[in-house]
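# Structure assessment
Read off the chains here:
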Amino acid sequence: MIGVVVFLLLSSLGNQTSIAVATLAAEDIDLNSDSDVLLFRQGYSPPAPSPPPPPPHPPSVTCESDLGGVGSLDTTCQIVSNLNLSKNVYVEGKGNLVIAPNVTVNCSSFSGCEFSVNVSGNFTLGGNSCIICGTFELDCDNAVFGNGSSVNTTGLAGSPPPQTSGTPQGVDGAGGGHGGRGAACLRDSSKLPEDVWGGDAYAWSSLGKPWSYGSKGGTTSKEVDYGGGGGGRVLCIAKSNLELNGTISADGGEGGAKGGGGSGGSIYIKAHKMTGFGRMSACGGSGFGGGGGGRISVDIFSRHDEPTISVHGGTSFGCPENAGAAGTFYDTVPRTLTVSNQYKPTYTDTLLMDFPNPLLTNVYIRNQARAAVPLLWSRVQVQGQISLLSGAVLTFGLAHYSMSEFELLAEELLMSDSMIRVFGALRMFVKMFLMWNAKMLIEGGGDENIETSSLEASNLIVLRATSLIHSNANLGVHGQGLLNLTGPGDCIEAQRLVLSLFYSINIGPGSALHGPLKGSSEDAVTPKLYCDSEDCPVELLHPPDDCNVNSSLSFTLQICRVEDIRIEGSVEGSVVHFHRARTIMVQSSGTISTSGMGCHGGVGQGMILDNGLGSGGGHGGKGGMGCYSGHCIEGGMLYGDADLPCELGSGSGNDSFAMSTAGGGILVMGSFEHPLQSLNVQGSVKAIGDSALGSSQKSFSANGLSMGIGGGSGGTILLFLRSFELVESGKLSVAGGHGILGGGGGGGRIHFHWSDIPVGDVYWPLAVVNGTIHAGGGLGGNHSQMGEDGTISGKACPKGLYGIFCVECPVSTYKNVTGSDQSLCFSCPNDELPNRAVYVHVRGGNTERPCPYQCISERYHMPHCYTALEELIYTFGGPWLFGLLLLGLLIVLATVLSVARIKFIGADELPGSAFTQQGSQIDHSFPFLQSLNEVLETNRVEESQNHVHRMYFMGPNTFREPWHLPHTPPEQVKEIVYEGAFNSFVDEINALAAYQWWEGSVHSILCVIAYPFAWSWQQWRQRRKLQKLREFVRSEYDHACLRSCRSRALYEGLKVAATPDLLLAYIDFFLGGDEKRSDLPPRLHQRFPMSILFGGDGSYMSAFSLHNDNVITSLMSQSVPPTVWYRFVAGLNAQLRLVKRGFLRAEFRPVIQWLEVIANPALRPYSVHVDLAKFQASISGYGHYGILVYAAEGEVSLTVRFFDGLSGNEHHSPSISTHLKEERSTGVYLRRKNYAGILDINSLKALEEKRDVFFVLSFLIHNTKPVGHQDIVGLVISILLLGDFSLVLLSFLQLYSFSLLDIFLILFIVPLGILLPFPAGINALFSHGPRRSAGLARLYALWNLASLINVGVALLCGYINFHSQTSRMPPYFPPWRMDESEWWIFPLALVLCKCVQSKLVNLHVANLEIQDRSLYSNDFDLFWQA
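Residues numbered from 1 in each chain as written. Predicted model: local features only at pLDDT ≥ 70, side-chain atom pairs only at ≥ 80, totals over all residues. Heavy atoms only, no water.

### Quick look at the overall build of the protein
The line we're drawing: Helix and strand definitions follow DSSP, with helices as H or I runs of at least four residues and strands as E runs of at least two, each counted in order from the N terminus. For every residue, the accessible area (1.4 Å probe, protein chains only) is compared with the maximum for its type, and the residue is labelled buried under 20%, exposed over 50%, or partly exposed between those bounds. Two residues form a contact once any of their heavy atoms are found within 4.5 Å. Every accessible area reported is derived by Shrake-Rupley at a probe size of 1.4 Å, with residue values counting cover from the shown protein chains alone.
Across its full length, the protein carries 21 helices and 76 strands. Expressed as a percentage of the 1426 residues in the protein, the buried residues total 57%. Restricting the contact set of the protein to residue pairs at least 6 apart, pairs at least 24 apart contribute 66%. Within the structure as shown, the protein displays about 57,700 Å² of accessible surface, and the carbon and sulfur contribution to it stands at 55%.

Here it is, written out as structure tokens:
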């Protein structure tokens, strides 16, 4: 509007030259433009220059004549000397205007002097130059203000706009007003400092393009005007660049100590680009009362540097604490308004009137500036941020007229060390609200229609460093993000407070929420409590969902629709409600309290006597009686419902005496429809009654005794929730208050109303309570009584649950009705519980009979808690019946097995069982019991004619000591071999007979793992070794050691053979036929004494036996008939098989007796005598046993030959001779002297024998005499074999009840040793032929013996498990339990069964190997006749 006025004024002068102001269109001055280009955060481009206004315009002065300059205004005009002007001056031209350095242009001779410059070129104000005038206008292309230069309009203002009150009236010496009010020093103590000010503010509408003079300050004298002048006006438009290194000032004039300071003027700067660090100032002048600041606006598209811009108020000499109010600084491009008072303290406001449209982007109030929105029903709306910093104050409304409602809308509201004051109600809508040591004070008690304020921050509200939001009426704080009261001193309080819609609220340590206020003023809106009603307000149980502040509701503090609430500070109120919250966590430092904030009266109010003695208030428990000198007064009554309490606690006392205590308030969390998800209490939640000791009361004296009132009753804590946790430090309390001399207050009520109590398999504990829940009555004084305890209750629990927290009924109880009493959990009857079973916990509690139970160990199985073995046994009627059935089944199966065996192997192959009759032939003999018809077909004569000598291998053919030959050839073959070649032959044979290291290693490992495997491995490797030796001698060796050419050519003359047990090997030497030696081969008597070694080693698997082949038979036939010799061999082998290694001294005795009694008497007619002899090796210590055959005719001189051990090789010793003499006694016997190596009854005593650890096993497995009855023996073995396997399976079933580890140990300590006897026995029974059957039976016996190790492991496992579980066994067991005290039955039965099997297998093998039992006859005639 100012632009329009100036334009009309200048156009009336008729001049063709326009002035700078006229170039500004009226719509450029108006901030109400609808242009969206200027909006903050949108694309901005500098506006197009406005076309110059049409003429006429004032005439222009000339450069030289009027300005005293040099040059022309159409080119360059340079003012080089000082210039004093006495009238308004207008300068126009197409060139440049330069004011030289140190030049002053002065137009201060009258107020409001105008100096206008409008040039098309550049304007330059040289260094230290100065322009002094009331109005300075500049319109140019580029403008430069040099260092030290200044444009000074301070105190030179013309007349302010009409209809303004910028100049104060009266003689108070107040400051002038413009952008901010002028200060006035308070002289009336009845007024508040903010009620008094000087000149008022004006020109708010031209905020963006100010063009008003400042106002003159007031005076303290009626006669003399001491007031300072107002600030002038400066308008500077540079179309391109503006460089400011000087000063542009429009400050108010100084008023001194007797006059008020003038207000600041107006400065408007517009340019495309601005540089420099100059200064712009429109500050108020100092005076008795400081002047208000002016207005500055800049419209700079590109501002590279930051000049100093000041619009603060002037200093007040009369009241230094109240400077003039700050002016306004408006930055057009970002649309930012700044109100700063440069840290000058003041009580005077800068008025913010109607905010322009388009909206401002930011508003900054800082540095102790005070801004006010005085218009009622106003809206402060910006697009960006409102910031109050460093002592700033923003006031809404009038201090004594709280009858309006205000709106504040912004993106952000930031407050630091500042304050917002609201007189009325405030509706605030921001996205972010941050407070640091700041306060928001809302005084809203003037009108009940506007008593509710609303603060809404959609993203964040944070209070830090003792920040405060206070309302003496109703206050709602809403948001969608976080509300955080971070630490001590942070507080939100109101008479009625509602916090809603946040996703999280954090009440930090030392911070607080209060509703209502403590000690509120009289004009506060005080909430009404329903103290006289026993009816529960419906909103406590069914609150509305809108979460709005409603004065008709009973809440004083409500937190509504908040997801998570964390409380480390305090929450206090009379009626506190948490509605539609998800989780609440009260930390150890946190408190939720309604203590002492209930009713002073109430339904259960304690009474008081005239002497001041009172009783306690009642609620959940009756109040304690107050007693004195035998006179008592009843305590407050009980009231409310323990199952759904919602009443305030009652107080005690009488208001007429100003003596009263209050009961506890109400705390409600959740509701029927929206229960709380979880509540975690580490601090305290309390609704304690007020104690008389802490109440405000005056003392009352009677008879010199001080009386006192009773304590208030506890309040109510009503919890609608799903889960609750009270840690050890946590506390819930509705205790009654204590009385001084009066009675104690009764306890309040706590109720847990559980929502959706899970039952059955989905049950989880509703509460974890380790802290304290207290509802006791308060203590009474002296003779008065304490209050009764209150109630703690819970919702009625469903079936299976009981108690306040609906926990599961104890184990061994059931509950099939609804209720919470523990007596409803009935005990389960013991007669429904099986032995070895205990009642078990059931998730969700047991709701019916029979009560669930489980066995005391996993090895017992439901429903009878039997083991797997017992289940099997009792399925078939119990142990005895099961045993009989099993025995019958075994007999049937064994019979079937025997029949199948007969069908499989054929009846003709079964051995006979009767004694052989005299003269009959034996058709079925074992290999070493060869019968006559097995050898009659052999051409014995052909082999004996060429046989020279038999040389035995030394060594037992083991992995440690393999077979080997001595390098020295025997005497008997020296004539037919080359000694050197023989030594080479021996080396090759010995190398071939040696075993590899790994073969022995495998054997050692198998010995540890399972000896039967080791025996089979050794047999296999020995057989392979014998095969290699045979192949080598037969086809690979060139027989180079033999002298016979024919033998070398035909690869004949040497033959390797071994006994069937593979322990004894030998080489036979034969003539080649081309030797032409008459003394070769030697006859039988030339070979005497002749040694024949036994095969075997006396063990069960390899019994001693005389190996009789064709060569020996042919040789012996030269003296002894073959039939006699074969009978001798059969009888000797029958005796030898009974010899057990380890007991040779005892076992050889029957053999020697048999030779003396049966054998030698029959051989004597053939001049042959046989003795048992030992042939000992000279190095290894291993010896073989055999017989020594020599002539028995007359007296024979013998050269003793010592046999070098295992080889049987003979060495002649000429120094020793033995004479045999014939002596006759009862029979025809040849008595002989001792022969070296010969064993007789006497020499047996000196026989030394090495025993190994296995000799003790010979008690179980050994060769015995046949007993016949082979079919019966086989049947019994079949029964025992099946019984053994059955016992193994039953043992496994028994051990399975202990542990799978036990089964693993039994199976693999001897790998599968406990299972292999069964297939080995079946294989032996069903094998063809007695020879093979006997061999497999021996292997079966070996496995049977090895399995005793597994049985021993079973015994050990059973013993360990039995004793380790004894302590867990129930006291009573049935009389027969296979898995407990009788755990040893099956293992022991297995041991017995295996021992019997071993004995029967011995008999079975004997029946197979000895089919002619007459071989054991002690009758000489019967033996030889058979």
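Text resumes after the structure shown.
### Observations concerning the nonpolar core
Condition: The criterion is simple. A nonpolar core is a set of buried Ala, Val, Leu, Ile, Met, Phe, Trp, Tyr and Cys residues joined through side-chain atoms within 4.5 Å.
The biggest cluster of nonpolar side chains holds 91 residues, and the ones touching the most others in it are Leu413, Phe433, Met440 and Phe724. For Met440, the contacting residues outside a window of four places in its chain are Leu413, Ile420, Leu426, Met428, Phe433, Met435, Leu455, Leu468, Ile469 and His470. Among the nonpolar cores identified, the runner-up in size contains 58 residues, and Leu1115, Leu1132, Leu1138 and Leu1163 belong to it.

### As for the sheet that holds strand E67 (residues 947-952)
The strands making up a sheet associate through backbone hydrogen bonding, with each pair oriented either parallel or antiparallel. Put simply, the rule reads: Between any two strands, pairing holds if DSSP finds at least two bridges. A fitted line through C-alpha atoms serves as each axis, taken over the contacting stretch for helices, and the angle formed by two N-to-C directions is quoted from 0 to 180°.
Read from one edge to the other, the open sheet built from three strands follows the order E67-E69-E68, with strand pairing classed as antiparallel. Two strands bound the open sheet, and with one partner strand each, they are E67 and strand E68 (1054-1058). Here the strands of the sheet are splayed against their neighbours by 25° on average, with no regard to which way each runs. Here E68 runs beside strand E69 (residues 1065-1070); their pairing, made up of five bridges, is antiparallel. When the bridges of E69 are listed, Val1056 appears paired with Ile1067.

### Notes on empty space enclosed by the protein
For clarity, the cut-off: Residues are said to line a cavity or pocket when one of their atoms sits within 4 Å of a point; the points come from a 1 Å grid over protein atoms alone, cavities being sets where a 1.4 Å probe fits but cannot get out and pockets being open sets with protein on both sides within 12 Å along at least five of seven lines. Grid points are joined across faces, edges and corners, and a volume is the space filled by probe spheres set on the points. Under the scheme applied here, ten amino acids are nonpolar (Ala, Val, Leu, Ile, Met, Phe, Trp, Tyr, Cys and Pro), four are charged (Asp, Glu, Lys and Arg), and all others, including Gly, are polar.
Throughout the structure, instances matching the rule amount to nine cavities of 30 Å³ or more. Estimated volume of the largest cavity: approximately 80 Å³. Contributing to the lining of the largest cavity are 14 residues, with Pro810, Val811, Thr813, Val840 and Asn846 lying nearest its centre. Class assignment of the residues belonging to the lining of the largest cavity gives a composition of nine nonpolar, five polar and no charged.

### What to know about helix H14 (residues 1122-1136)
What counts here: To estimate how far a helix should extend, the number of its residues minus one is multiplied by 1.5 Å.
Taking 1.5 Å per residue as the helical rise, H14 with its 15 residues ought to reach 21 Å, and the 21 Å between its terminal C-alpha atoms agrees with that figure. With respect to burial, H14 is a largely interior element, 13 of its 15 residues being buried.

### As for the confidence of the model for the protein
Applied cut-off: For every residue, the predictor assigns a confidence score, pLDDT, that lies between 0 and 100.
Summary statistics for the protein give a mean pLDDT of 83 and a share of 86% for residues scoring 70 or more. Segment residues 1-52: pLDDT under 50, and 104 contacts once partners within four positions in sequence are set aside and those in other chains are kept. Counted against residues more than four places away or in other chains, residues 907-940, with its pLDDT under 50, gives 64 contacts.

### Quick word on the sheet that holds strand E9 (residues 130-132)
An order of E3-E6-E9-E12-E14-E16-E18 is seen for the seven strands of this open sheet, with the pairing classed as parallel. Strands with a single pairing partner mark the edges of an open sheet, and in this sheet they are strand E3 (83-84) and strand E18 (308-310).

### As for a nonpolar patch on the surface
The condition that has to hold: Patch membership needs two things, relative accessible area over 30% and no salt bridge, and members are linked within 9 Å if like-charged or within 5 Å if nonpolar (Val, Leu, Ile, Met, Phe, Trp, Tyr). Salt bridges are counted wherever a side-chain nitrogen of Lys or Arg sits within 4 Å of a carboxyl oxygen of Asp or Glu.
A cluster of nonpolar side chains, namely Leu376, Trp377, Leu398 and Tyr401, defines an oily patch on the protein surface of about 410 Å² accessible area. Take Leu376: it is sitting in the loop between strand E23 (370-373) and strand E24 (379-381).

### Overview of the state of the cysteines
Test applied: The criterion for a disulfide is a pair of cysteine sulfur atoms lying within 2.5 Å.
Applying the stated rule across the entire model yields 11 disulfides. For Cys536, the disulfide goes to Cys646, at an S-S distance of 1.8 Å. You can see Cys536 sitting in the loop between strand E39 (512-515) and helix H3 (538-541) and its partner Cys646 sitting in the loop between strand E47 (631-633) and strand E48 (652-654), a full 110 residues away along the chain. Look at Cys536 and you get partly exposed, because its relative accessible area is 27%. Between the sulfur atoms of Cys797 and its disulfide mate Cys806 the distance is 2.2 Å. Residues Cys797 and Cys806 are joined through a disulfide that is left-handed, its torsion about the S-S bond being -95°. Overall, Cys806 belongs to the buried group, its relative accessible area being 0%.

### A look at the pairing of strand E19 (residues 328-331)
Burial of E19 is two-sided: the residues Thr328 and Tyr330 facing one way and the residues Phe329 and Asp331 facing the other way are all buried. Bridge count between strand E17 (residues 295-303) and E19: four bridges; the pairing is parallel. Bridge pairing links Val298 to Asp331 in E19. Bridge count between E19 and strand E20 (residues 336-340): three bridges; the pairing is antiparallel. Of the residues in E20, the one forming a bridge with Asp331 is Thr336.

### A word on the pattern of salt bridges
Side-chain pairs of opposite charge can arise whenever the charged atoms involved come near each other. Under the counting rule described, the total for this entry stands at 30 salt bridges. Its salt-bridge partner being Arg181, residue Asp200 comes within 3.0 Å of it at the nearest N-O pair. Within this pair, whereas Asp200 is found in the loop between strand E12 (150-152) and strand E13 (233-244), its partner Arg181 is found in the loop between E12 and E13, the two being separated by 19 residues in sequence. Neither residue differs from the other here; Asp200 and Arg181 are each classed as buried. Where Arg303 meets Asp331, a salt bridge forms, and the shortest distance between an N and an O atom there is 2.8 Å. Residue Arg303 is located in strand E17, and its partner Asp331 is located in strand E19; the two are separated by 28 residues in the primary sequence. By relative accessible area, Asp331 is classed as buried at 9%. Shared partners join several salt bridges into a network, and the residues in it are Arg303, Glu306 and Asp331.

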